[in-house]
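Structure at a glance
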Amino acid sequence: MLIDSSRGTVRFKVVYHGIAMSGKTTNIEQLAKQSGLDMLSFDTKGERTLVFDFITKKLRTDGFTLTFSIYTIPGQDIYKDIRRMVMRGVDAVVFVVDSSERRLSENREFIRILEEDLRLYGKDLEGTPVVIQYNKRDLPDALPLEVLQREVHIPGKKSIEAVAVQGKGVSETFDLVAQELQEKFRKMVG
Ligand SMILES: Nc1nc2c(ncn2[C@@H]2O[C@H](COP(=O)(O)OP(=O)(O)OP(=O)(O)O)[C@@H](O)[C@H]2O)c(=O)[nH]1
Ligand SMILES: [Mg+2]
């Protein structure tokens, strides 16, 4: 979080994390489309993110201009160095879960990876705003919501459903994480 009180600006970094092909890039593509923003994608191969995707979104409140820099990590393990680089300076995370039954154990293991990535920068899950997005609710083998809420769960964190490819739940997810960051910011400035 970069606060410049003289200019009245705050910059937050939001990272979309989660297993490969869970829909992180799709989320920010849809967010960009819905808000009329341009997305920058650095080095993609087919649809797989090799480096990262990036957009910025601005909001004005309480006399402050809030800028959200929004990134996605590459979910594939071979790009873990890049993933860690993208996590530098993260203020909040959207953890994108693939609802498919086949990917349950990967989703669960990735919570540990998220924890490790935060720990690299002296952070932890408890102190970081995280929203869990159960994506791909349209899949025929999507697990029931109650099962996911129990099995892919981070204590104290909000969760929300989405069908990112149809744009459903995308802005709602971002709004939740933006709200949490604003609350954190208000507490900091008193
Ligand atoms: N059925 C379905 N497919 C989806 C949904 N969201 C994304 N997809 C598809 O899942 C595939 C992977 O989506 P991406 O957004 O590229 O996934 P990613 O998480 O960025 O993947 P990496 O960059 O490899 O980590 C694409 O074919 C998307 O169209 C969804 O809600 N439902
Ligand atoms: Mg991607």
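This write-up is about the structure you can find in this document. If you're wondering where the values come from, they're calculated on a predicted model, not measured in any experiment. (Residues numbered from 1 in each chain as written. Chains lettered and ligands numbered in written order. Predicted model: local features only at pLDDT ≥ 70, side-chain atom pairs only at ≥ 80, totals over all residues. Heavy atoms only, no water.)

Brief notes about the overall build of the protein
- Helices and strands together make up the secondary structure of the protein, namely 5 helices and 8 strands.
- Secondary structure of the protein in N-to-C order comes out as β-β-α-β-β-β-α-β-α-β-α-β-α.
- Relative to the compact-globule value of 16 Å for 190 residues, the protein shows a C-alpha radius of gyration of 16 Å, a close match.
- For the protein, the spread of C-alpha atoms along the principal axes amounts to about 50 × 35 × 30 Å.
- Here the protein holds 190 residues, and the buried ones make up 49% of them.
- Just so you have it, the protein exposes about 9,600 Å², and 49% of that area is on carbon and sulfur atoms.
- If the 29 positive side-chain charges of the protein are averaged to one point and the 28 negative ones to another, these points end up 4 Å apart. (Helix = DSSP H or I, 4+ residues; strand = E, 2+ residues; numbered from the N terminus. Rg over C-alpha atoms; globule rule 2.2 N^0.38 Å. Buried < 20%, exposed > 50% of the residue type's maximum accessible area, 1.4 Å probe, protein only. Areas by Shrake-Rupley, 256 points an atom, 1.4 Å probe, with all protein chains shown as cover. Lys, Arg positive; Asp, Glu negative; His and termini not counted. Charge placed at Lys NZ, Arg CZ, Asp CG, Glu CD.)

What to know about the packing of aromatic side chains
- Within this structure, the stated rule accounts for 4 aromatic pairs.
- Between F68 and F174, the ring centres sit 5.4 Å apart and the planes meet at 85 degrees, which makes this aromatic pair edge-to-face. Here the residue F68 occupies a position in strand β5 (residues 64-72), and F174 occupies one in helix α5 (residues 170-189), the gap between them amounting to 106 residues. Summarising the burial analysis for this pair, F68 and F174 share the class buried.
- Three or more aromatic residues link up through ring pairs in this structure, and these residues are F12, F64, F68, F174 and F185.
- Positioned above the aromatic ring of Y71, the side-chain terminus of K13 is 4.6 Å from the ring centre. (Phe/Tyr/Trp six-rings, centres within 6.5 Å; stacked < 30°, edge-to-face > 60°. Lys NZ or Arg CZ within 6 Å of the ring centre and 35° of its normal.)

Some words on a nonpolar patch on the surface
- A cluster of nonpolar side chains, namely I3, M188 and V189, defines an oily patch on the protein surface of about 270 Å² accessible area.
- Take I3: it is sitting in strand β1 (residues 2-4). (Patch = residues over 30% accessible without salt bridge, like charges linked within 9 Å, V, L, I, M, F, W, Y side chains within 5 Å. Salt bridge = Lys/Arg side-chain N within 4 Å of Asp/Glu carboxyl O.)

A few points about helix α3 (residues 104-119)
- With 16 residues, α3 ought to run about 22 Å at 1.5 Å a step, and its terminal C-alpha atoms sit 24 Å apart, in line with that.
- Among the residues making up α3, those that are buried are L104, N107, F110, I111, I113, L114, D117 and L118.
- For α3, the elements touching its buried residues are β2 (9-17), α2 (80-86), β6 (92-98) and α4 (145-151). (Expected span 1.5 Å × (residues − 1). Contact = heavy atoms within 4.5 Å.)

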